[in-house]
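# Chain and residue survey
Below, each chain spelled out in residue letters.
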Amino acid sequence: MTITPTELQAVATLAARRAGDHVMANRHRRSDVNSILRTDVKHKLDVEAQETATAVILSAFPDHAILGEETSEQPLAESDYVWIVDPIDGTINFFHGLPWWCCSVAVRYKGQAVAGSVFIPEMLQMYEATSESPAYCNGEVIRVTTTDRLELSMLATGADKWDLGEHSFRFMRKISEMAQRPRILGAAAVDMCMVAAGKLDGYFESGIYVWDMAAASLIVERAGGTCEILKAYPKHRISFLATNGALHAACRAELLPMLQVNA
Ligand code: LIP
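Residues numbered from 1 in each chain as written. Predicted model: local features only at pLDDT ≥ 70, side-chain atom pairs only at ≥ 80, totals over all residues. Heavy atoms only, no water.

### What about the sheet that holds strand β11 (residues 181-184)?
We apply this condition: Any two strands between which DSSP finds at least two bridges are classified as paired. Each helix is a run of DSSP H or I of at least 4 residues and each strand a run of E of at least 2, with the numbering of both proceeding from the N terminus. Helix axes are fitted only over the stretch in contact, all axes being lines through C-alpha atoms; the angle between N-to-C directions runs from 0 to 180 degrees. Contacts are residue-level and defined by heavy atoms, with any inter-residue pair within 4.5 Å sufficient.
In spatial order, the strands read β11-β10-β12-β14-β13; together these five strands make up an open sheet with mixed pairing. Strands at the two margins of the open sheet, each flanked by one partner only, are β11 and β13 (226-232). Strand-to-strand twist of the sheet, defined as the mean angle between neighbouring strand axes without regard to direction, takes the value 20°. Two strands pair when backbone bridges link them, and strand β10 (residues 154-157) and strand β12 (residues 202-209) are joined in this way by three bridges, in the parallel orientation. Residue pairing for β12: Ala 156 is matched across the bridge by Tyr 203. Against the sheet, helix α7 (residues 248-261) makes contact with β10, β12, β13 and β14 (237-243), and its axis sits at roughly 5° relative to β13, the strand it touches most.

Here it is in structure tokens:
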């Protein structure tokens, strides 16, 4: 690899920040959507923020590939470097005015995560990591918790966008039984950054997308935690677990069998 992780990190951070700044400057347009679905919104600012991040990435690395939430159906350019962009993770939160959303930019080299940045504009927090660095929040090194008792843990989960029925409720019930307190906060990458920063002990969702976790999973791992795709589905959809490491085996043992029966 000729480009260093630090160089890639700088561009990831700039792309996430510019995307977030664009959304913040247009917060008055939070109802400005292309369509409203039963469990999702297609937001104009999602599209614009992805264009903003893409412009930053391509001006630095014109021949790199970009997988973005808003353009995930398009073919990828041929490159060893693949950037993965979630322009607004937590779109529904943003739409309702809840500040728990972020802009996430990651880059993989030959399939391995090399750098990732998650910008949470309304909290003024920038989370970053490379494959060779610790994880940082606003330049300060962060670490996961040392909680090793599931019944004393705080675990975040989410409502699967495509299946709000019994499938989702089974997992929510299970997380509630496992943790001291469960939380459903609505933005996977923000939740994972909280795991990295030692504010949550773990996070699980039965159905998210690779762009929801690409940057934040590297940040969790570099903060000492453990991340795992428990199950993969077509079109970049996954069941995903991120923990402080100490709780990983216990969480996995509870959740994985449920996924095996839920084809
Ligand atoms: C969202 C996730 C959230 C999950 C939603 C959705 P988006 O991402 O961050 O945790 O519950 O189903 O995937 O669509 O706002 O980028």
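### Description of the sheet that holds strand β6 (residues 112-120)
Here we have seven strands laid out as an open sheet, ordered β3-β4-β5-β6-β7-β8-β9, and mixed in their pairing. For this open sheet the edge positions go to β3 (65-68) and β9 (140-142), each flanked by a neighbour on one side alone. The average angle at which neighbouring strand axes cross in this sheet is 20°, direction not considered. Examined bridge by bridge, strand β8 (residues 135-137) and β9 share three bridges and lie antiparallel to one another. Across the sheet, residue Tyr 136 finds its bridge partner in β9, namely Val 141. The strands touched by helix α1 (residues 5-25) are β4 (81-89), β5 (102-109), β6 and β7 (125-130); relative to β6, the strand with the most contacts, the crossing angle is about 30°. In the packing of helix α5 (residues 188-196) onto the sheet, the strands contacted are β4, β5, β6, β7 and β9, and the crossing angle to β6 comes to about 100°.

### A closer look at the pairing of β14
Here is the rule: Residue exposure (1.4 Å probe, protein chains only): buried if accessible area is under 20% of the type maximum, exposed if over 50%, otherwise partly exposed.
Counting buried positions along β14 yields seven of seven residues, so the element is predominantly enclosed. Burial along β14 is two-sided: the face carrying Arg 237, Ser 239, Leu 241 and Thr 243 and the face carrying Ile 238, Phe 240 and Ala 242 are both buried. Where β12 and β14 come together, six bridges link them in antiparallel fashion. Across the sheet, residue Tyr 209 finds its bridge partner in β14, namely Arg 237. Sheet analysis places β13 next to β14, joined by six bridges and oriented antiparallel. Residue Cys 227 lies in a different strand from β14, and its bridge partner there is Ala 242. Where β13 folds back onto β14 in an antiparallel hairpin, the turn is made up of four residues, including Lys 235, whose phi is positive at roughly 60°.

### Let's talk about the packing of aromatic side chains
What counts here: Aromatic pairing here means that ring centres of Phe, Tyr or Trp (its six-membered ring) are within 6.5 Å. Orientation follows from the plane angle: under 30 degrees is stacked, over 60 is edge-to-face, and everything else is tilted. Whether a charge sits over a ring depends on NZ of Lys or CZ of Arg being within 6 Å of the ring centre and within 35 degrees of the ring normal.
For the structure shown, the criterion picks out five aromatic pairs. Between Tyr 81 and Tyr 109, the aromatic rings sit 4.7 Å apart at their centres with planes inclined by 45°, giving tilted as the arrangement. Separated by 28 residues along the polypeptide, Tyr 81 in strand β4 and Tyr 109 in strand β5 bring together distant segments of the chain. Each member of the pair Tyr 81 and Tyr 109 is classed as buried. The ring of Phe 119 carries the charged tip of Arg 17 above its face, separated from the ring centre by 4.8 Å. Positioned above the aromatic ring of Tyr 233, the side-chain terminus of Arg 237 is 5.4 Å from the ring centre.

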